[in-house]
Amino acid sequence: MRTAVLTDRERTAVQAYLRLLHTVRAAFDGPPGGGGPVIVPPGVLAEAEAALVGAGLAGNEAEFFRLLREWCPPA
(Lines give C-alpha, C1' and ligand atoms only; values in the text may rest on other atoms or scores of the structure.)
Protein backbone atom coordinates (compact mmCIF):
# COMPACT_ATOMS: atom_id res chain seq x y z
CA MET A 1 0.00 0.00 0.00
CA ARG A 2 1.28 3.43 -0.95
CA THR A 3 1.82 5.87 1.91
CA ALA A 4 0.19 9.22 1.39
CA VAL A 5 2.14 12.25 2.56
CA LEU A 6 -0.28 15.13 2.54
CA THR A 7 0.65 18.77 2.49
CA ASP A 8 -0.65 20.88 5.35
CA ARG A 9 -3.37 22.29 3.08
CA GLU A 10 -4.42 18.83 1.87
CA ARG A 11 -4.56 17.57 5.47
CA THR A 12 -6.66 20.60 6.45
CA ALA A 13 -9.05 19.87 3.57
CA VAL A 14 -9.41 16.21 4.56
CA GLN A 15 -9.97 17.13 8.21
CA ALA A 16 -12.58 19.76 7.27
CA TYR A 17 -14.36 17.22 5.08
CA LEU A 18 -14.40 14.67 7.92
CA ARG A 19 -15.82 17.29 10.32
CA LEU A 20 -18.49 18.09 7.73
CA LEU A 21 -19.27 14.40 7.30
CA HIS A 22 -19.61 13.88 11.07
CA THR A 23 -21.80 16.99 11.36
CA VAL A 24 -24.12 15.75 8.63
CA ARG A 25 -24.32 12.30 10.22
CA ALA A 26 -25.13 13.84 13.60
CA ALA A 27 -27.79 16.04 11.99
CA PHE A 28 -29.39 13.01 10.35
CA ASP A 29 -29.27 11.03 13.59
CA GLY A 30 -30.64 13.98 15.57
CA PRO A 31 -32.56 13.53 18.77
CA PRO A 32 -34.77 10.44 18.92
CA GLY A 33 -38.12 11.23 17.33
CA GLY A 34 -36.93 14.72 16.45
CA GLY A 35 -38.14 14.52 12.88
CA GLY A 36 -36.86 18.02 12.15
CA PRO A 37 -35.08 19.06 8.98
CA VAL A 38 -31.41 18.25 8.56
CA ILE A 39 -29.48 21.43 9.26
CA VAL A 40 -25.76 21.79 8.75
CA PRO A 41 -24.32 25.01 10.16
CA PRO A 42 -23.17 27.35 7.37
CA GLY A 43 -19.81 27.71 9.10
CA VAL A 44 -19.09 23.99 8.72
CA LEU A 45 -19.84 24.13 5.00
CA ALA A 46 -17.79 27.31 4.59
CA GLU A 47 -14.83 25.77 6.43
CA ALA A 48 -14.84 22.71 4.17
CA GLU A 49 -15.17 24.83 1.01
CA ALA A 50 -12.37 27.19 2.05
CA ALA A 51 -10.09 24.27 2.91
CA LEU A 52 -10.73 22.63 -0.47
CA VAL A 53 -10.01 25.89 -2.30
CA GLY A 54 -6.87 26.47 -0.20
CA ALA A 55 -5.56 23.02 -1.09
CA GLY A 56 -6.33 23.46 -4.78
CA LEU A 57 -8.90 20.67 -4.63
CA ALA A 58 -12.11 22.59 -5.38
CA GLY A 59 -13.63 21.05 -8.51
CA ASN A 60 -11.17 18.15 -8.40
CA GLU A 61 -13.20 15.53 -6.59
CA ALA A 62 -11.27 12.53 -7.93
CA GLU A 63 -7.97 13.81 -6.50
CA PHE A 64 -9.59 14.82 -3.22
CA PHE A 65 -11.24 11.43 -2.67
CA ARG A 66 -7.98 9.67 -3.58
CA LEU A 67 -6.26 11.65 -0.81
CA LEU A 68 -9.10 10.89 1.58
CA ARG A 69 -8.94 7.14 0.86
CA GLU A 70 -5.17 7.07 1.37
CA TRP A 71 -5.21 9.17 4.55
CA CYS A 72 -8.28 7.64 6.14
CA PRO A 73 -8.86 4.16 4.66
CA PRO A 74 -12.24 2.47 5.21
CA ALA A 75 -12.40 0.37 8.35
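The structure this text deals with has already been given above.
What you see is a predicted model; the values in this text were computed from it and never measured. (Residues numbered from 1 in each chain as written. Predicted model: local features only at pLDDT ≥ 70, side-chain atom pairs only at ≥ 80, totals over all residues. Heavy atoms only, no water.)

Trainee: Can you help me understand the overall build of the chain in this one?
Mentor: When helices and strands are tallied, the chain shows three helices and zero strands. The linear arrangement of helices and strands in the chain, starting from the amino end, is α-α-α. For the chain, the residues scored as buried account for 24% of the 75 residues in total. Sequence-distant contacts in the chain: of pairs separated by 6 or more residues, those separated by 24 or more amount to 69%. With the model as given, the accessible surface of the chain reaches about 5200 Å², and the carbon-plus-sulfur share is 61%. (Helix = DSSP H or I, 4+ residues; strand = E, 2+ residues; numbered from the N terminus. Buried < 20%, exposed > 50% of the residue type's maximum accessible area, 1.4 Å probe, protein only. Contact = heavy atoms within 4.5 Å. Areas by Shrake-Rupley, 256 points an atom, 1.4 Å probe, with all protein chains shown as cover.)

Trainee: Would you mind showing me how to read the nonpolar core here?
Mentor: Across soluble globular proteins, nonpolar side chains show a tendency to be buried alongside one another. Core analysis: the biggest nonpolar cluster contains 16 residues, and Ala13, Val14, Leu20, Leu52, Leu57 and Phe64 have the highest contact counts within it. Taken together, the elements giving at least two residues each to this core come down to α1 (8-29), α2 (42-54) and α3 (61-71). The biggest single contributor to this core is α1, with five residues. Residues contacting leucine 57, with those up to four places away along its chain left out, are Ala13, Leu52, Glu63, Phe64 and Leu67. (Core = buried A, V, L, I, M, F, W, Y, C linked by side-chain atoms within 4.5 Å.)

Trainee: I tried to follow the pattern of salt bridges on my own but got confused; where do I start?
Mentor: Side-chain pairs of opposite charge can arise whenever the charged atoms involved come near each other. Applying the stated criterion across every chain, the model contains two salt bridges. In this structure, aspartate 8 and arginine 11 form a salt bridge, with 3.0 Å as the shortest nitrogen-oxygen distance. Of this pair, aspartate 8 and arginine 11 both sit in helix α1, three residues apart, roughly one helical turn. Residue classification places aspartate 8 among the exposed residues on the basis of a relative accessible area of 57%. A residue is classified by how much of its surface remains accessible, and arginine 11, at 28% relative accessible area, is partly exposed. For glutamate 47, the salt bridge identified is with arginine 19, shortest N-O distance 2.4 Å. In this pair, glutamate 47 is assigned in helix α2 and arginine 19 in helix α1, connecting sequence segments 28 residues apart. (Salt bridge = Lys/Arg side-chain N within 4 Å of Asp/Glu carboxyl O.)

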